[in-house]
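# Examination of the molecular architecture
The primary structure of each chain is shown beneath.
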Amino acid sequence: QVQLVESGGGLVQAGGSLRLSCAASGSFFSINALGWYRQAPGQQRELVAVITSGGSTNYADSAKDRFTISRDNAKNTVYLQMNSLKPEDTAVYYCNADITYRWSYKRSDCWGLGTQVTVSS
């Protein structure tokens, strides 16, 4: 009933920038928190940034001062602006949404399929 589709990943040189997007579609009542996670090869998934429905944000220490999370509620879209990229930022980036469904008003987490970000040395 809900789909999250990430886009904007790609290959970039160290020091460059990328902007990731995640658009939510389907049948739901509302979206509360939205987040970006990443998983590098052989590593566990980790939180990168979170934004609440009220606009409060939290970042991993590695993302502070370099990444910015934002949202456009009219478009049901969350963004991650990534600047000053480093090789260690290389990972698959996943969008996560806290969804309240229509009719049932149940809440659950939803995940996108991910988008690859590769930062070359």
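Let us look at the structure shown here.

The next point concerns the state of the cysteines. Applying the stated criterion to the full structure yields 1 disulfide. Between the sulfur of cysteine 22 and that of cysteine 95 lies a disulfide, 2.2 Å long from S to S. Negative torsions about the S-S bond denote left-handed disulfides, and the value of about -85 degrees found for cysteine 22 with cysteine 95 makes this one left-handed. Highlighted residues: cysteine 22 in strand S3 (residues 18-26) and cysteine 95 in strand S9 (residues 91-100), separated in sequence by 73 residues. Not engaged in a disulfide, the cysteine cysteine 110 finds its nearest cysteine sulfur in cysteine 95; these two sulfurs lie 9.6 Å apart. Taking the relative accessible area as the measure of exposure, cysteine 110 reaches 9% and is therefore buried.

Turning our eyes to something else, we now look at the packing of aromatic side chains. Applying the stated rule across the entire model yields 2 aromatic pairs. Its end group placed over the ring of tyrosine 37, arginine 45 keeps NZ or CZ at 5.5 Å from the ring centre.

All right, on to the side chain of glutamate 6 then. Residue placement: glutamate 6 occurs in strand S1 (residues 2-7). In contact with glutamate 6, not counting residues within four places along its chain, are Ser21, Cys22, Trp36, Tyr93, Tyr94, Cys95, Gly112, Leu113, Gly114 and Thr115.

Glancing now at the environment of threonine 68. For threonine 68, the position within the fold is in strand S7 (residues 67-72). Under the relative-accessibility criterion, threonine 68 is labelled partly exposed at 43%. Along the sequence, threonine 68 and serine 56 sit 12 residues apart, while their C-alpha atoms lie 12 Å from each other. Those residues in contact with threonine 68, other than ones at most four positions away along the chain, are Tyr59, Tyr79, Leu80 and Gln81.

The rules behind the values
- Residues numbered from 1 in each chain as written.
- Predicted model: local features only at pLDDT ≥ 70, side-chain atom pairs only at ≥ 80, totals over all residues.
- Heavy atoms only, no water.
- Disulfide = S-S within 2.5 Å.
- Helix = DSSP H or I, 4+ residues; strand = E, 2+ residues; numbered from the N terminus.
- Buried < 20%, exposed > 50% of the residue type's maximum accessible area, 1.4 Å probe, protein only.
- Phe/Tyr/Trp six-rings, centres within 6.5 Å; stacked < 30°, edge-to-face > 60°.
- Lys NZ or Arg CZ within 6 Å of the ring centre and 35° of its normal.
- Contact = heavy atoms within 4.5 Å.

Shape is all these values report; function is a separate question.
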